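Each chain is listed here by its residues.
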Amino acid sequence: MRSVYAKEMLIYFTSPIFYAVSFIFLCVLGIFFYNDMTYMSMLASRIAQYQLSTGLSLDKIVLRPLFSDMSILLLFIVPIIAMRLYSEEKANGTIELLFTYPIRDVDVLAGKYLAGISIIGILLGMTWVLMLLEGTVVTPDWGLVLSSYLGLFLVAASFLAIGVFASCLTRNQIIAATSSLGIILAFWAIGWFSDVFSGSSIAKVLGELGLMEHLDDFLKGMLNVKDAVFYLLFSLFFLFMSLRVLESHTWRG
Amino acid sequence: MRKKTIRYMSGTGIGIVVFIGILVIMYMIALNHPKVYDLTLNGRNTLDVKTRNILNSLDFDVNVIAFCKNDNLRKEAKDILDLFTYATRHVKYKIIDPDVYPGEAKKYAIQRYGQAVVIGNGKQQRIDSVSEQNLDSAILKLKEPGEKTIYFITGHGERDIGDTGKDGLYTLRNALESDNYKIKKLMLVRTKAIPKDASLVAIVGPKKPFLPVETRELNDYLKKGGNIFIALEPMEDTGLKGFLAAYGVVVGNDMIIDKFSRILGGDYLIPVVSEYGDVEALKGFRYATFFPTARSLGIKKPLPKDIVIKWLARTSNQSWAETNLDRLRNQGKAKLDSKDKKGPVNIALFVKKLNKKGNSRARLVVFGDSDFLSNAYIMTSGNEDLAMNCMNVLLGEQELVVIRKKESNHLTPLTPSQASLMFWIPVVIVPCIVLFIGISVFLVRRRA
């Protein structure tokens, strides 16, 4: 597993995709951050000018929208990070080699998944610059920041599991990325359907299946064990499905 | 070969179904054993102590149906209702769109978006919006077998509970009614005794003296285990000195002067209290309270038999009780001298009269000021909370005692240099560093 992990990390760091994705992610997020901060500044001036007591806080104006934007950006970026994990091996024909190596499928999968997770961790880690910058102006609620990062990490891990699954299905990286994006969007949209059936038991089931519904509490500064368990089980399900797809190669011939 | 494939396929299919089953069971376990931790530093996602007390003492199921469109109102309602469901299994809720389910909306006489109905204990309560305060109030109304009644004494120039002007008590009345109390006026001279349904008698800001027959009625009420809340004004003779002295309270003929309030931008005559006694009503209470023109209260020594007194609130040590009221009235000057009582000075006392078994029988809360309860001052800092906590404890409603949550961090305007940093570092510098590293790696690899 370690060797697979090391190989994948090396590929990530030497491929232009990681740097291009990081550049776009940080740049877009930076623009969102700047907008949120200037909006906060404008509101703060108005509040001071008219001596208003609004109950508005930094968390509501900057942090929650920023983390929410970050989750949407991850939705588009994680499929790109995940797309090459198996598709590239398939396209290059190295997947046959992988099957013949004395490494179990599960170890290969774990190595690749952990490498993807590490890349996501690095991406999220780079956004701490924004938190530190914000800290120079107002002290953010570090508890809320921590829970939001935990939530984002878990949701990104779920996206990645879907990405790995999609990558197992095809040799074409573009198809892998678009199909994983499609699956992620489907699980995102499920939450909206719960509103359509509001009040019924179908709404409850759909609400529980919605990927973004479980992020809400994290972004409010709460650690809801149920939501963390959901993301872990969700990731586990798609990793299990990926294993089944890989395993099918042996009996499909 | 085909048979083998079918065998593998069916094996995989069964494996997937079993695995999904295991995942669903695991998630159901997590769903049915909710554990939520509030990681925010100021406990913003934690329900108020008052709410938690109410929910902890719930012994029936409460169903809340909120009627919201799919908008911010729905999101806010969901946020609050989620906190209630995390706190207790007795509360369940659903949010429905009144336009999609007009029958339901009609059934509960819903007129506006955002309204909700709280159902439980064979009753139902409609609330205008889903807020913690409204839900508390509605649940209490479902819980209560009957309402507790507070009688406000009139006939001595007391502050009026119906008066919406700055001196009135209308705001206090609203707060009490939202905690499910029934408020009535009572003119003592017209009645032979205080009504039996009186859970609390309040005397707020009397200006004329009480007649002996009236103080006798108050005494009789206390002997039967009653509760009285008294808020006096300085420079007024209320005829209650003797009555209170029998319960160990010495009403000072003075005015509290507080230099500390000047530091806070107030007047010398508005003492600020930030120190509270070790009593149940004020455990964890840390908010400053303001008492415009107050008199001091002393504790009689030795104390009358079976009386226990605790101070509730006292002023800073930069204050004193000025006894030279003529000079203060005529010249507007005050100076600490040997006749004056040096601070800290008691501004509120809690009195208990014990029965033979040592249990509390009658309870009294006495304040040396009544302005802090008026419409003009009750919303100042912690004034309302202090008054409500004292009344709730007198009424035996410990669960209604409020410990207000801290405000969250405030917004600050950016300076021009900060604004430019907020642009250059995240939008340009950091992404460009990443891009530079990427290009360097690419060049090195190409050379290699």
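Residues numbered from 1 in each chain as written. Chains lettered and ligands numbered in written order. Predicted model: local features only at pLDDT ≥ 70, side-chain atom pairs only at ≥ 80, totals over all residues. Heavy atoms only, no water.

A closer look at the nonpolar core
Counting 95 residues, the largest nonpolar core has F25(A), M40(A), F67(A), F159(A), V164(A) and L211(A) as the members making the most contacts within it. A total of 15 residues in this core trace back to one element, the largest contributor, which is helix α8 (residues 142–169) of chain A. Both domains that furnish three or more residues to this core are identified here as domain 1 (1–33) and domain 4 (418–448) of chain B. Setting aside residues up to four positions removed in sequence, M40(A) forms contacts with L58(A), I61(A), V62(A), V138(A), L411(B), T412(B) and L414(B). (Core = buried A, V, L, I, M, F, W, Y, C linked by side-chain atoms within 4.5 Å. Buried < 20%, exposed > 50% of the residue type's maximum accessible area, 1.4 Å probe, protein only. Helix = DSSP H or I, 4+ residues; strand = E, 2+ residues; numbered from the N terminus. Domains from an automatic or database assignment. Contact = heavy atoms within 4.5 Å.)

Section: the environment of L83(B)
When you line up the elements, L83(B) lands in helix α3 (residues 72–87). Residue class for L83(B) comes out buried when judged on its relative accessible area of 15%. For L83(B) and V36(B), which are 47 residues apart along the polypeptide, the C-alpha to C-alpha distance reads 9.1 Å. Residues within four places of L83(B) in sequence aside, it is in contact with M222(A), N45(B) and L47(B).

A word on the interface of chain A and chain B
Across the contact, 63 residues belong to chain A and 58 residues belong to chain B. Here chain A and chain B share an interface that buries about 5,300 Å² over both sides, 69% of which is from carbon and sulfur atoms. Here chain A is connected to chain B by two salt bridges. Among the ionic pairs, D79(B) bridges to R64(A), the shortest N-O distance being 4.0 Å. On inspection of chain A and its partner chain B, the count reaches nine residue pairs in polar contact (both at pLDDT 80 or more). A class-by-class count of the residues in the side of chain A that touches chain B yields 37 nonpolar, 16 polar and ten charged. (Buried area = accessible area lost by both parts, 1.4 Å probe. Salt bridge = Lys/Arg side-chain N within 4 Å of Asp/Glu carboxyl O. Polar contact = N/O pair within 3.5 Å; in protein donor to acceptor, adjacent residues only side chain to side chain. Nonpolar A, V, L, I, M, F, W, Y, C, P; charged D, E, K, R; others polar.)

Considerations on the environment of E8(A)
Residue and element names in this part refer to chain A. Structurally, the position occupied by E8 is in helix α1 (residues 2–14). When its relative accessible area of 0% is taken as the criterion, E8 is described as buried. A sequence separation of 217 residues divides E8 from V225, and the C-alpha atoms of the two residues are 31 Å apart. Once you skip the residues sitting within four places of it in the chain, E8 turns out to touch R84, L85, E89, K112 and A115. Within polar-contact distance, the side chain of E8 engages the side chain of K112 at 2.6 Å.

Section: the pattern of salt bridges
Opposite charge on two side chains permits them to pair, given that their charged atoms come into close proximity. Residue and element names in this part refer to chain A. Across all of its chains, the model carries 24 salt bridges over all chains by this definition. In this structure, the salt-bridge partner of E89 is K112, at a minimum N-O distance of 2.7 Å. With E89 in helix α4 (residues 84–92) and K112 in helix α6 (residues 105–126), this residue pair connects regions lying 23 residues apart in the sequence. There is no split in this pair, since E89 and K112 are both buried.

Points about the domain arrangement of chain B
Its domain assignment divides chain B into domain 1 (1–33), domain 2 (49–143), domain 3 (149–400) and domain 4 (418–448). Each of domain 1 of chain B and domain 2 of chain B has a C-alpha centre, and the two are 39 Å apart.

Describing the packing of helix α3 (residues 58–82) of chain A against α6(A)
All names here are of chain A. Put simply, α3 and α6 touch, their axes get as near as 11 Å, and they point 145° apart. Of the two elements, α3 crosses α6, and the hand of that crossing is right-handed. Residues M70, L74, I77, V78 and I81 of α3 form the contact with α6, whose participating residues are I119, I120, L123 and L124. (Axes fitted to C-alpha atoms, helices over the stretch in contact; angles between N-to-C directions. Left-handed = near helix turned anticlockwise from the far one by under 90°.)

So, the sheet that holds strand β17 (residues 341–342) of chain B
Residue and element names in this part refer to chain B. Here we have three strands laid out as an open sheet, ordered β11-β16-β17, and antiparallel in their pairing. The two strands at the open ends of the sheet, each matched to only one other strand, are β11 (255–258) and β17. Note: β11 against strand β16 (residues 319–322), four bridges, orientation antiparallel. Within β16, the residue paired with M255 across the bridge is E322. (Pairing = 2+ DSSP bridges.)

Considerations on the confidence of the model for chain B
It should be kept in mind that the predicted coordinates are not to be read in detail where pLDDT is low. With 93% of its residues at a pLDDT of 70 or more, chain B has an overall mean of 85. Between the elements of chain B, mean pLDDT differs from a low of 67, seen in helix α9 (residues 259–263) of chain B, to a high of 94, seen in strand β9 (residues 227–231) of chain B. (pLDDT = per-residue confidence, 0-100.)

Regarding the sheet that holds strand β4 (residues 116–120) of chain B
Residues and elements named next belong to chain B. Spatial strand order, β3-β2-β4-β5: four strands in an open sheet with mixed pairing. The outermost strands of the open sheet, each flanked by one partner alone, are β3 (91–96) and β5 (123–127). For this sheet, the mean angle separating the axes of adjacent strands, direction not counted, is 15°. With five bridges connecting them, β4 and β5 associate as antiparallel partners. Looking across to β5, one finds that G120 is bridged to K123. α3 contacts β2 (62–67) and β3 of the sheet and is inclined by roughly 165° relative to β3.

Overview of the packing of aromatic side chains
Residue and element names in this part refer to chain A. Here the structure, examined in full by the defined rule, presents 22 aromatic pairs over all chains. An angle of 80° between the planes, with centres 5.3 Å apart, marks the rings of F67 and Y149 as edge-to-face. Of this pair, F67 sits in helix α3 while Y149 is found in helix α8, placing the two residues 82 residues apart along the sequence. Take F67: its relative accessible area is 0%, and that puts it in the buried class. According to the relative accessible area criterion, Y149 is buried, its value standing at 9%. Ring geometry for F187 and F234: centres 4.9 Å apart, planes at 90°, overall edge-to-face. (Phe/Tyr/Trp six-rings, centres within 6.5 Å; stacked < 30°, edge-to-face > 60°.)

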